[in-house]
Amino acid sequence: MKPVHRKPCVIANWKMHGSRQMLEIWLKQYVSGLPEENPVEVVLCPPAVYLSEARLYLNQLAKKGRIQLGAQNSYAEMTGAFTGEISPSMIREMGCHYVLAGHSERRQIFSEDDTLIARKVWAAYHADLTPIICVGETTEERNQGKTLEVICRQLAAVLPEEQLRLDPRVMVAYEPVWAIGTGLTATPLQAEEVHVAIREWLAARNRKVANEARLLYGGSVKPGNVKALLMQPNIDGVLVGSASLNAQEFLSICMACRQ
Ligand code: PEP
């Protein structure tokens, strides 16, 4: 049995998919399919241009507490001459409580390195957002037996020690790069092994934070594999990419996460 304070959490990452029409239909289907009591925290991360519209729909649907909003990215500064970027305080102003940080697509396609990710994480905390810190190894790193070493190195590089002393809002998503968008999923035991290592890494710095931190798994999560993942003692939720684009499929994942 998991501690009750680690409420299961399901994140929908739409990446650069969707449209205004899809947003409206998705939210209606999602909200109408939810039961009255929803013990799972659900966070929708649509493209940033749809955040304020999503907020308006959720207000109209009058069940806004049932789904939170998050952003897929935010910059490392609050304001300034950074053409094309969006600051964490702007995202917070849109009603978001979460932002993804260090997603492997940002690392690989947009060349974000640990230094930039660390600054983004720090800025997100300062804007009262919870960054969902993504870590994960490549196929080569796994084959070389370096998975845990890579994960701990990524954590040390982006999660400030000061933050770990002060604030228990830590959320980490273990997302093996080889499992994202590939249809391959880590087995529940492979994922649990890494989640244990992440919790031990946190516990070595702050036991309370380690106990309260929610650790998510991401990588080709589907309605058919989510339950076995969530049964692992250290997996507190999932980060869902492609399967979150279909409201019914996403709802099935959320329902499977009810303990
Ligand atoms: C993701 O975008 O973080 C992700 C896990 O994608 P997918 O579910 O499509 O593998």
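Here's a quick rundown of the structure. (Residues numbered from 1 in each chain as written. Predicted model: local features only at pLDDT ≥ 70, side-chain atom pairs only at ≥ 80, totals over all residues. Heavy atoms only, no water.)

**Some remarks on the layout of surface pockets**
Condition: The rule is simple: put a 1 Å grid over the protein atoms alone, call a set of points where a 1.4 Å probe fits but cannot get out a cavity, call an open set with protein on both sides within 12 Å along at least five of seven lines a pocket, and count a residue as lining if it has an atom within 4 Å of a point. Grid points are joined across faces, edges and corners, and a volume is the space filled by probe spheres set on the points. Per the convention used, a helix needs a DSSP run of H or I reaching at least four residues, while a strand needs a run of E reaching at least two, with both numbered from the N terminus. Note on residue classes: Ala, Val, Leu, Ile, Met, Phe, Trp, Tyr, Cys and Pro are nonpolar, Asp, Glu, Lys and Arg are charged, and everything else, Gly too, is polar.
For the largest pocket, the calculated volume is near 520 Å³. Around the largest pocket, the lining is made up of 18 residues, and of these Met16, Gln72, Asn73, Arg106 and Phe110 lie nearest the centre. Per-element accounting of the lining of the largest pocket gives the leading share, three residues, to helix H4 (residues 104-109). Here the residues of the lining of the largest pocket are counted per class, giving eight nonpolar, six polar and four charged.

**Focus: empty space enclosed by the protein**
Under the definition given, this model contains one cavity of 30 Å³ or more. In this structure, the largest cavity occupies an estimated 70 Å³ of space. If you trace the largest cavity, you find 14 residues lining it, with Asn73, Leu100, Ala101, Gly102 and Lys120 closest to the centre. Within the residue set of the lining of the largest cavity, elements represented by two or more residues are strand E4 (96-101) and helix H5 (114-126). In terms of residue class, the lining of the largest cavity is made up of six nonpolar, five polar and three charged.

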